[in-house]
Amino acid sequence: MKRALRWPLMVAVAFLVVAGIAAAPLISEIWEHRRICDELYDRVEAALTPLDVLDAAPTGAVPLGERDHECGDTDDHYPTISRSYRPPEQHSSSKAIESFYRDLAQRNGWKITPAEHSTKELGCIIKEVEGTEITLDIWFSPEPKGTYIVSASTWPC
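Calculation notes
- Starting afresh in each chain, residues are numbered from 1 along the sequence in its written order.
- Confidence filtering applies because this is a predicted model: local features only for residues at pLDDT of at least 70, side-chain atom pairs given and counted only at 80 or more, and all residues used for totals across whole chains, interfaces and linings.
- The side-chain numbers reported here are obtained from all heavy atoms of the structure, hydrogens and water having been left aside.
- Nonpolar core, defined: a set of buried Ala, Val, Leu, Ile, Met, Phe, Trp, Tyr and Cys residues in which side-chain atoms within 4.5 Å join the residues together.
- Working definition: with a 1.4 Å probe on protein chains only, accessible area under 20% of the residue-type maximum means buried, over 50% means exposed, and in between means partly exposed.
- Whether two residues are in contact is decided by their heavy atoms: any pair within 4.5 Å suffices.
- Within this document, salt bridges are pairs made up of a side-chain nitrogen of Lys or Arg and a carboxyl oxygen of Asp or Glu, the two lying within 4 Å of each other.
- Numbering goes from the N terminus for both helices and strands, where a helix is a DSSP run of H or I of at least four residues and a strand is a run of E of at least two.

## Observations regarding the nonpolar core
Consideration 1: Among the nonpolar cores identified, the biggest contains 25 residues, and Tyr101, Trp110, Ile134, Leu136, Ile138, Tyr148 and Val150 are the most heavily contacted of them.
Consideration 2: Beyond its immediate chain neighbours, meaning those up to four positions away, Val150 contacts Leu54, Ile81, Ser82, Arg83, Tyr85, Tyr101, Leu136, Asp137 and Ile138.

## Let's talk about the pattern of salt bridges
Consideration 1: What the rule picks out here adds up to 6 salt bridges.
Consideration 2: Glu45 serves as the salt-bridge partner of Arg67, at 3.5 Å between the closest nitrogen and oxygen. Of this pair, Arg67 sits in the loop between strand E1 (62–63) and strand E2 (68–70) while Glu45 is found in helix H1 (residues 2–47), placing the two residues 22 residues apart along the sequence.
Consideration 3: On the basis of relative accessible area, Glu45 is assigned to the partly exposed category, the value being 32%.
Consideration 4: Residues participating in the shared-partner salt-bridge network are Glu45, Asp52, Asp55, Arg67 and Arg83.

If you want it as structure tokens, here you go:
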């Protein structure tokens, strides 16, 4: 009986060793991605201090849930923290909402940069934290009277 179990056990151990060796680079890449994202999340959070622009909204805007955190694929390392809102009736135009966040951000240490390489005609809203540029973006749903998303990210402008 002992001999009958020895071979299947050895095959199983050999399989686990080979699988572990094969998976090591992938596990290492995921671990490294998580470490870099965590470090960059701290910088995004620091850009939102002392005034958290993601928690601010025009009067009457309704937050839709909590914040979202995303760091993309393991090869790009662009952490994003965002929050969705339903726009208020009195600020239903995207220009009024963008103006609200642009003014608020500028009063709290963010800078407006020219739109050199960006499709945004008004430029980018950025804040530098420990040598990393954090970008503030406002995205609008294509649906009429849809939602909008405010996000802070290390994604380049």
